[in-house]
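Okay, here's what each chain looks like letter by letter:
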Amino acid sequence: MPRARITGTGSALPGKIVTNADLERMVETSDEWITTRTGIKERRIAVEGEFTSTFAVQAARRALEMAGIGPDELDLIILGTVTPDFPFPATACIIQHEIGAHNAAAFDLSAACSGFLYGLSIADNYIRGGLKKKALVIGAEVLSRIVDWSDRNTCILFGDGSGAAVLEATEGDSGILSTHIFSNGSFWETLYQPGCGSRNPGSCGRTIDERLFYIRMEGNDVFKHAVRAMEEAAFAALNANDLSASDISLFIPHQANRRIIDATGKRLGLGEDRVFVNLHHYGNTSSASIPIALDEANRAGRLKAGDIALLDAFGGGFTWGSALLRW
Ligand code: UT7
């Protein structure tokens, strides 16, 4: 049976940096609070004329370049996002057009911060089943457009950007060993965007008056579930492959909060040297966070042939999941 291997990674971020000091001038907060509660120091924010597809296309091109394949060789494009360019058509179709991937089926999927891992799982299964040979999986967000910049509970957390990975069928030992995805919809109201869907359309006055187009989050609840769920997803991956945490060369978790990452790393018994962290630079970029981190780790030479890497995410829905890779 073929296996899917990641042969190229890419990422792209807005040039504009918003620091904690900048936020101190916008809401009642402090660099000290943000740093100790989240670990975030700055985030990248899209400017006028930059959209989710802007960063996704750049990340996709970089991943294709590293893989050394042309866009027309792709037969599948999956974009995880909660901030598409438009409700429809799928932003994945816009990306397909922009990069010239004429032979690919393209669609978006909505799994919040787990979007990239959900996409990886689908692409992996298409490749294992022999139905597709070369896939592009992207996570991309412009969360700054759905963040309430007057709400200190949420505006300090999020950032914009994109990461992408090219997957190719291989008969070798390296590649994606397993993926696991989970959901629990009973918590859908814990982290969501109330407006701009069919319940509260963007066109209705209530959506504007009650600020329903912004992210709402019960931070504490999300936090507690995140640590438990990420541990569950990590052990699902290890157990399915008869491996233990000591086999992990690099743990690449979703970058939401340094305390969530540290708590999960501790539960796995991993030292800091085996945990990849870049959220101090980018904040929480939702579906983009894991592929941006994967690309940075890859380009920094932190993934060597044969290394075991564990990707682990948690987000709105709730959704969560993991992917275990042999590099
Ligand atoms: O991507 C996946 C989904 N997202 C997450 O995983 C995020 C999960 N949650 C979190 O990261 C944390 O819950 C937060 C960082 C959002 C909040 O940290 P916390 O330690 O859970 O703080 P809290 O919500 O319990 O708030 C503590 C206090 C409150 O004041 P009172 O009520 O105790 O007087 C808040 O009003 O901190 C206050 N606060 C702030 N103070 C200064 C909340 N935001 C801020 C702020 N600056 N930006």
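All of these numbers come straight from a predicted model, not from anything done at the bench.

*Asks:* Got a minute to help me understand the overall build of the chain in this structure?
*Replies:* Check the secondary structure of the chain and you find 11 helices and 13 strands. The C-alpha radius of gyration of the chain comes to 19 Å, within 12% of the 20 Å expected for a compact globule of 327 residues. Its C-alpha atoms give the chain principal-axis dimensions of roughly 55 × 45 × 35 Å. Taking all 327 residues of the chain together, the buried fraction comes to 57%. The long-range fraction of contacts in the chain, counting pairs at least 24 apart against all pairs at least 6 apart in sequence, stands at 77%.

*Asks:* Even after reading the chapter, I still don't get empty space enclosed by the protein, so can you show me in this structure?
*Replies:* By rolling a water-sized probe across the atoms, one finds the places where empty space is left. For the structure shown, the criterion picks out one cavity of 30 Å³ or more. Roughly 50 Å³ of internal volume is contained in the largest cavity. Lining the largest cavity, in full, are Arg5, Ile6, Gly175, Ile176, Leu325, Arg326 and Trp327. Of all the elements in the fold, those that place two or more residues in the lining of the largest cavity are strand E1 (3-12), strand E8 (175-183) and strand E13 (319-326). When the residues that make up the lining of the largest cavity are grouped by side-chain class, the tally is four nonpolar, one polar and two charged.

*Asks:* Quick question: what am I supposed to make of the packing of aromatic side chains here?
*Replies:* Aromatic rings in a pair are described by how distant their centres are and how their planes are angled relative to each other. By the definition in use, this model includes six aromatic pairs. Aromatic pair tryptophan 188 and tyrosine 192: ring centres 5.3 Å apart, planes at 90°, arrangement edge-to-face. With relative accessibility at 25%, the residue tyrosine 192 sits in the partly exposed group. Look at phenylalanine 314 and tryptophan 320: their rings are 6.2 Å apart centre to centre, the planes differ by 40°, and that puts the pair in the tilted class. Considered together, phenylalanine 314 and tryptophan 320 belong to a single accessibility category, that of buried residues. In textbook terms, an aromatic cluster arises when at least three aromatic residues are bridged by ring pairs, as seen for Phe182, Phe187, Phe314, Phe318 and Trp320.

About the criteria used
Residues numbered from 1 in each chain as written. Predicted model: local features only at pLDDT ≥ 70, side-chain atom pairs only at ≥ 80, totals over all residues. Heavy atoms only, no water. Helix = DSSP H or I, 4+ residues; strand = E, 2+ residues; numbered from the N terminus. Rg over C-alpha atoms; globule rule 2.2 N^0.38 Å. Buried < 20%, exposed > 50% of the residue type's maximum accessible area, 1.4 Å probe, protein only. Contact = heavy atoms within 4.5 Å. 1 Å grid on protein atoms, 1.4 Å probe; cavity = no way out; pocket = protein on both sides within 12 Å on 5 of 7 lines; lining within 4 Å. Points joined across faces, edges and corners; volume = space filled by probe spheres on them. Nonpolar A, V, L, I, M, F, W, Y, C, P; charged D, E, K, R; others polar. Phe/Tyr/Trp six-rings, centres within 6.5 Å; stacked < 30°, edge-to-face > 60°.

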